[in-house]
Structures are given as structure tokens and as C-alpha cells.
Amino acid sequence: MITPIIPLLEKAIEARASLFDPQHESAFRLFNGFTEGNPDLVIDLYASTLLIHNYAGDPIKGIRSVQQAQEFLRNKLVWLHAGIVKTRNGNTQAEKRGQLLFGEKPDTKIKEHGVWYSVDLTMNQDASLYLDTRNLRKWLIENMKDKTVLNTFAYTGSLGVAALAGRVRRVVQHDLNHQFLNVAKTSYTLNGFPIHEQDFIVRDFFTLVSKLKRTNETFDCVLTDPPFFSRTSKGKVDQVNESARIINKVRPLINDGGTLIAINNALYVSGKAYMQTLEALCKDGYLKIKDLIPVPQDFIGYTETRTGNQITDPAPFNYSTKIVVLQVKRKPATA
């Protein structure tokens, strides 16, 4: 039985009171129904735009909760000017990408840690800016000064934008989809960052890595945030069964003493299992686990709002999005 949505939303808003900014420019998860009592709904806030995800197995059964949430939140947050619903199990791509519930135009940018990020909330099934990596963006701002960075599987490039805000020397953004990287370029423009076309690479990951190895190009930091599964003619990404493979692919691209940031978002991979994979990689002494970066609490739910456990135990991480900072030692060149 699905718990009535209104009391759950009241508790969720109260717990997140400190996240509402007076200018309504920020973005955060307003309600995570999977852990806060109603798995049919997840609700995000992007500036003044409400984004409701209908996760009901039968979307029609989720419509009533969507309607109740929309009505309540529009009365509670009177400054909202647009609302979108994304129907995960919708029949059409338009339903999955998002349809306007109210208002005329969704917001196209948000501000986080003083940095502007472009968003295109109906471009695809995701919302174009991942809210679970907010703490990682802050870490990059604080730790990437004067570094060179390769952001693989960049999507809309937010991690690279954060690194630029931290005054890196160079960021290379890579993705297989040029439309996603165009969103990254808009973020550059919003922040006054110069756009160097050669640093936006639309290419298969495996092809890119091979080329960089052949040309002996290396970076101080490489980020890997791949989908949990994908396949091209050049190779396969499988974050459930082969998460070590991507890490091993990029290790040769990292300078001695550099950083590899690995993200595994596979829901059914426990934190313990992922740590065992990483510890096995570190046994040769050329990788070292330096830090685990937690997912923001609003994305998960708070102690006073959570009503259930996650599907798999994420410990020592706090969520199924598992973010690890690894220090890299280069192996000596062989004669």
C-alpha cells in the first residue's frame, strides 16, 4: 500500500528547509520516495522548476500521487513557475523525457557553489544534471587548481565545469553524444569560461583511450562516470560485473601521483562488493584509496524522513552512487 503523499512531503520540506535559497537558483532532491515512503514518486527542484518523476510500474496508478504532489507543492512553494513530469514507464519518448505540468517554460540554468550549470530538463530521460554528485563537484572546485583533467563519459560536463571553476589548467570533456556536450558548452558560456573545441571530444570511450595511449597524453586527474551498462562495436561497459575494467583502462592516462575518480552507480552492487573490487586493484601498490565522497543527504532522505532501507547495503558508502578518489602511482616504463 502506498503511503499518502502529503504528510510525507511536509516532512521532506521541513527537513530540507536550509536548502531553499532566497533567489531560487539552486537544485536539490526535494523528495526521494524510494526511501521516504512512496516509491512511485521522486521529486527534484531545479531553480523555480518542479520536476516530478513518476516511477509507478503502471504509470496510471502514479498519476493521482503526481496530481496531489503538484497541487500541494504549488500552494506551499508559491514561487514555482513551471512543473514537469517524467514518466519512467511511459509509452512514448515524450512521456519519458518529460511533459509540462504547468507554467510556460522550465528553467534552463541553476547555481551551485557559486557556479552556473546549464540544464535541459526534457532533453532525455535524465534531467541533464545529476544531483547525487553535488559533493564531488564541490571537491573538484577545491582540489583541482592548476591540474589537467580528463572527464570521460562526461554527459553534460558538470564535473568538468566544476574543475574549471577550481582553476584547472585544462579540462577535456568526452562523451559519445554531441548534444550532451553542447549543454556543457552553454555552462562554459554562463561562467565566462573559454571554449576550446579540441577539448570537447565526441567519440567512443575505448577508441579515445587507445588514441591517448598511442600519443602518450596523460592527465593529473581522470574522472570515470560510465552508465551501468552499455555496448558499442568497440567495447562493453558493465558496472555490475566488470567495474574494474574501466578503471584499468584509464590508469595509464594518469600522471604519477595523480588522481582517478571512479563512480559506480549500479544499484545492485553493494558497497562491500565494490570496495572488494577496489582493494583487489590496490594490492599491487599502484593504486590507493584516498577518499570516499558521500552523496548529499537530501538525495537519500534524512533520519527523520526515511521509512525504508536501500535495496542493497551501500556501506561504507551512503548510497548506491559510490564515489571513490584513488591516488595513482605509475608503473616504471619497461625497457
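Residues numbered from 1 in each chain as written. Predicted model: local features only at pLDDT ≥ 70, side-chain atom pairs only at ≥ 80, totals over all residues. Heavy atoms only, no water.

## Structural notes on the packing of aromatic side chains
Then step 1. One pass over the structure, following the stated rule, counts 11 aromatic pairs.
Then step 2. Seen in terms of ring centroids, Tyr188 and Phe193 are 6.2 Å apart; in terms of plane orientation they differ by 85 degrees. Their pairing is edge-to-face. In terms of burial, Tyr188 and Phe193 fall into one category: buried.
Then step 3. For the pair Tyr274 and Phe317, a centre-to-centre distance of 6.1 Å together with 45 degrees between the ring planes defines the contact as tilted. Remark: Phe317 occurs in the loop between helix H11 (297–300) and strand S16 (322–328) and Tyr274 occurs in helix H10 (residues 271–282); sequence separation between them is 43 residues. (Phe/Tyr/Trp six-rings, centres within 6.5 Å; stacked < 30°, edge-to-face > 60°. Buried < 20%, exposed > 50% of the residue type's maximum accessible area, 1.4 Å probe, protein only. Helix = DSSP H or I, 4+ residues; strand = E, 2+ residues; numbered from the N terminus.)

## Some points on unusual backbone geometry
Then step 1. Between Ala315 and the following residue, Pro316, the backbone shows a cis peptide bond with an omega angle of 10 degrees.
Then step 2. Along the chain, Pro316 turns up in the loop between H11 and S16.
Then step 3. The phi dihedral of Ala47 falls on the positive side, at around 60 degrees, and the residue is not glycine.
Then step 4. In this fold, Ala47 is placed in the loop between strand S2 (41–46) and strand S3 (49–54).
Then step 5. Of note in this structure, Asp146 is not a glycine but carries a positive phi near 65 degrees.
Then step 6. Mapped onto the fold, Asp146 is located in the loop between helix H5 (134–143) and strand S8 (148–152).

## Focus on the nonpolar core
Then step 1. With 42 residues, the main nonpolar core has Tyr46, Leu136, Leu140 and Ile261 as its most contacted residues.
Then step 2. Residue assignment for this core shows that the elements contributing at least two residues are strand S7 (115–118), H5, helix H6 (158–165), helix H7 (178–191), strand S11 (219–224), strand S14 (254–264), H11 and S16.
Then step 3. The leading source of residues in this core is H6, at 5 residues.
Then step 4. Each residue touching Ile261, except ones within four places of it in the same chain, is listed here: Leu136, Trp139, Leu140, Cys221, Val222, Leu223, Thr224, Ile323, Val324 and Val325.
Then step 5. Within the second largest apolar cluster, 31 residues are counted, among which are Phe153, Val237, Val250 and Leu326. (Core = buried A, V, L, I, M, F, W, Y, C linked by side-chain atoms within 4.5 Å. Contact = heavy atoms within 4.5 Å.)

## Points about the environment of Asn177
Then step 1. Within the element layout of this structure, Asn177 appears in the loop between strand S9 (170–175) and H7.
Then step 2. Asn177 gets classed as partly exposed once you look at its relative accessible area, which sits at 26%.
Then step 3. For the pair Asn177 and Tyr155, spaced 22 residues apart in sequence, the C-alpha to C-alpha distance is 7.7 Å.

## A short note on the packing of helix H1 (residues 5–15) against helix H3 (residues 59–76)
Then step 1. Here H1 crosses H3 at 45 degrees, and the two axes come no closer than 10 Å. By the angle between their axes, H1 is oblique relative to H3. Between H1 and H3 lies a crossing whose hand is right-handed. When H1 is examined against H3, the residues Ile5, Ile6, Leu9, Glu10 and Ile13 are found in contact with a partner set consisting of Ser65, Gln68, Ala69, Phe72, Leu73 and Lys76.
Then step 2. Classifying every residue of the contact of H1 with H3 by side-chain character gives 7 nonpolar, 2 polar and 2 charged. (Axes fitted to C-alpha atoms, helices over the stretch in contact; angles between N-to-C directions. Parallel < 35°, antiparallel > 145°, perpendicular 65-115°, else oblique. Left-handed = near helix turned anticlockwise from the far one by under 90°. Nonpolar A, V, L, I, M, F, W, Y, C, P; charged D, E, K, R; others polar.)

## With respect to the pattern of salt bridges
Then step 1. Counted by the stated rule, this structure contains 12 salt bridges.
Then step 2. Here Glu217 and Arg170 are joined by a salt bridge, their closest N and O atoms 2.8 Å apart. Of this pair, Glu217 sits in the loop between helix H8 (205–214) and S11 while Arg170 is found in strand S9, placing the two residues 47 residues apart along the sequence.
Then step 3. Under the relative-accessibility criterion, Arg170 is labelled partly exposed at 28%.
Then step 4. In this structure, Lys185 and Glu197 form a salt bridge, with 2.8 Å as the shortest nitrogen-oxygen distance. In this pair, Lys185 sits in helix H7 while Glu197 sits in the loop between H7 and strand S10 (200–202), placing the two residues 12 residues apart along the sequence.
Then step 5. Taken together, the salt bridges that share partners define one network made up of Glu112, Arg134, Arg137 and Asp298. (Salt bridge = Lys/Arg side-chain N within 4 Å of Asp/Glu carboxyl O.)

## Structural notes on the sheet that holds S14
Then step 1. Reading across the sheet, the 7 strands line up as S10-S9-S8-S11-S14-S16-S15 and stay open at both edges, with mixed pairing between neighbours. The sheet terminates laterally at S10 and strand S15 (287–293), the two strands that pair on one side only. This sheet shows a mean twist of 20 degrees between the axes of neighbouring strands, independent of strand direction.
Then step 2. Contacts from H6 reach S8, S9, S11 and S14, with the element oriented near 175 degrees to S9.
Then step 3. Lying on the sheet, helix H9 (residues 243–250) is in contact with S11, S14 and S15; it crosses S14 at an angle near 155 degrees. (Pairing = 2+ DSSP bridges.)

## A short note on the side chain of Ser243
Then step 1. Turning to its location among the elements, Ser243 is positioned in helix H9.
Then step 2. In this view, Ser243 contacts Asp238, Asn264, Tyr274 and Thr277; residues no more than four positions away in its chain are not counted.

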